[in-house]
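Structural features, examined
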Amino acid sequence: MNTRVISVRRDIQAEQKADAAAERERLGRRGTLVINLLSSPGSGKTSLLEATARHWAGRRSMAVLVGDLETDRDAQRLAPLVPVAQLTTGGACHLELPLVQRGLQALGDPAVDFLFIENVGNLVCPASHDLAEHLRVVLISTTEGDDKPGKYPKMFRTSQAMVVTKQDLLPHVPFSIEAVTEDALKIQPALNVLTSCAIDNRGIQEWCEFLEQQYQKKIESVYEPAGNR
Amino acid sequence: MHERSLVQTLLNQVQQIVADDGGGVVKEIQVQVGDLSGVEPILFESAFTELATECFSQDCRLVLDIVPVKAECRLCGQCFEVQDYEFLCPACGTGPVEVIQGDQVKLMSITVDSENLVSGAKS
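Residues numbered from 1 in each chain as written. Chains lettered and ligands numbered in written order. Predicted model: local features only at pLDDT ≥ 70, side-chain atom pairs only at ≥ 80, totals over all residues. Heavy atoms only, no water.

Things to note about the overall build of chain B
Heads up, the rule is: In this description a helix means any DSSP run of H or I spanning at least four residues, a strand means any run of E spanning at least two, and both kinds are numbered starting from the N terminus. Note that the radius of gyration is over C-alpha atoms, with the globule rule given as 2.2 Å times the number of residues to the power 0.38. A 1.4 Å probe rolled over the protein chains alone gives each residue an accessible area, and that area as a share of the maximum for its type sets the label: buried under 20%, exposed over 50%, partly exposed in between. Accessibility throughout is a Shrake-Rupley quantity obtained with a 1.4 Å probe, and a residue counts as covered only by protein chains that appear here. His is not counted, nor are the chain ends, whereas Lys and Arg count as positive and Asp and Glu as negative. In this description, the location of a charge corresponds to atom NZ of lysine, CZ of arginine, CG of aspartate or CD of glutamate.
Scanning chain B from terminus to terminus reveals 2 helices and 6 strands. When the helices and strands of chain B are listed from N to C terminus, the series reads α-β-α-β-β-β-β-β. Relative to its length of 123 residues, chain B is extended, with a C-alpha radius of gyration of 18 Å against a globular reference of 14 Å. Principal axes of the C-alpha set define a box for chain B whose edges measure 55 × 30 × 15 Å. Out of the 123 residues in chain B, the part that is buried amounts to 47%. Working note: accessible area of chain B is about 5,900 Å², and carbon and sulfur atoms make up 45% of it. A gap of 3 Å separates the mean positions of the 7 positive and 19 negative side-chain charges of chain B.

Quick look at the packing of aromatic side chains
Our working definition: What counts as a ring pair is set by centres within 6.5 Å for rings of Phe, Tyr and Trp (its six-membered ring), and what kind of pair is set by the plane angle: stacked under 30 degrees, edge-to-face over 60, tilted for all other angles. Counted as over-ring charges are cases with an Arg CZ or a Lys NZ within 6 Å of the ring centre that also lie within 35 degrees of the ring normal.
Per the stated rule, a full pass over the model turns up 3 aromatic pairs over all chains. Taking 5.4 Å as the distance between ring centres and 55° as the angle between the ring planes, the aromatic pair formed by A:F114 and A:Y215 counts as tilted. Separated by 101 residues along the polypeptide, A:F114 in strand β5 (residues 114–118) and A:Y215 in helix α8 (residues 204–220) bring together distant segments of the chain. The rings of A:W56, A:F114, A:F116 and A:Y215 are connected pair by pair, giving a single aromatic cluster. Taking the ring centre of A:Y215 as reference, the NZ or CZ of A:R60 above it sits at 4.7 Å. Looking at A:R157, its charged tip hangs above the ring of B:F87, at a distance of 4.2 Å from the centre.

Focus on the side chain of A:E23
Residue and element names in this part refer to chain A. What counts here: For this analysis, a polar contact is any N or O atom pair within 3.5 Å, provided that within protein one partner can donate a hydrogen and the other can accept it, and provided that sequence-adjacent residues contribute only side-chain to side-chain pairs. Contacts are assigned to residue pairs with any non-hydrogen atoms lying within 4.5 Å of each other.
Relative to the helices and strands, E23 resides in helix α1 (residues 14–29). Judged by relative accessible area, which is 11%, E23 ranks as buried. Engagement of the side chain of E23 in a polar contact is seen with the side chain of Q101, the distance being 2.7 Å. Setting aside its immediate chain neighbours within four residues, E23 contacts L97, Q101, L104 and A132.

Here's the deal with unusual backbone geometry
Residues and elements named next belong to chain A. Unusually for a residue other than glycine, A132 sits at a positive phi of about 75°. For A132, a relative accessible area of 1% puts it in the buried group. Positioned with a positive phi, N201 is a non-glycine residue whose angle comes to about 70°. Relative to the elements of secondary structure, N201 occurs in the loop between β8 (192–195) and α8.

Some remarks on the pattern of salt bridges
Short version of the rule: Here a salt bridge means any side-chain nitrogen of Lys or Arg lying within 4 Å of a carboxyl oxygen belonging to Asp or Glu.
Summed over all chains, the structure comprises 19 salt bridges over all chains. Across the pair A:R4 and B:D21 runs a salt bridge, and its minimum N-O distance is 2.8 Å. Taken together, the positions of A:R4 in strand β1 (residues 3–11) and B:D21 in the loop between α1 (3–20) and β1 (25–34) put the pair across two chains. Its relative accessible area of 38% is what places B:D21 among the partly exposed residues. When the shortest N-O distance is used, the salt bridge between B:E50 and B:R4 registers 2.7 Å. Of the two residues, B:E50 is situated in helix α2 (residues 41–55) and B:R4 in helix α1; the sequence distance between them amounts to 46 residues. By sharing partners, the salt bridges in this structure join A:E23, A:R26, A:R30 and A:D109 into a single network.

In structure tokens:
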């Protein structure tokens, strides 16, 4: 018997990461900041996007790719406000780049300022997949407990911002913004922490200003958007 | 359960690498999985058991090497093993730290029996 060992030593996601980096570069060059929104189911991603679209109406352009296991209910909610495409995973627990690229094609590859990817509600699997985002944002609602960062460290470690949603419910639930912030900052000391309530618009202006700053930092200072040429 | 899609990616790569290397029967696949990779080893192993037998021999083994998380402080240069996912430098306590090990899923090596030179195929 002739047995041999082939040495490889390669990240098995290297190809996908390179594809994501190329797509990120392409979208950034033409002036689009891509934001990957991640959270548990029901934490308020769609509501935050509705409030964002209302805040920016007529001033900043945005589009949304909505990931769901089944149904297009979230996409139907957003469609009256912004261009939206549904990404149905058919049961898969996360989005991958080819699905995002198909969604972009379905939208006609629009040159918007902000492209949001509303990921499947899940704090585990989506953390391991680069969707060509410039910014990864994790949402945590006040109704789901303030101990999530320690339970899902990879999600918080790989995010650049955390938005605590449903701020209006704080008087009614055992949730501490201080505790969740302390927990999250141990895992990712550079994390930007914001709070919001999509129903009464608390924090929405700050959230949009944060995104504008990220746009200036990651797009205007790095690339030359097509509109400026 | 994204382990299934990762295992499928791994197996596709193994098939291609073995074919490019002259073919043979895959006997063992060694993979490094970091504690911060988001991969649950038990789920990875069960997905492997299910999927590998479809393209490799029944006795093809998966050897998982679980790697702890290590980080380096960008401010003072201290390297340390991250305990309980606390990414704070134990030396200066202030600097931003960079993960230098532990977030990878890495194909390390493939052991091939080339007695039967059928390219990556099931025996």
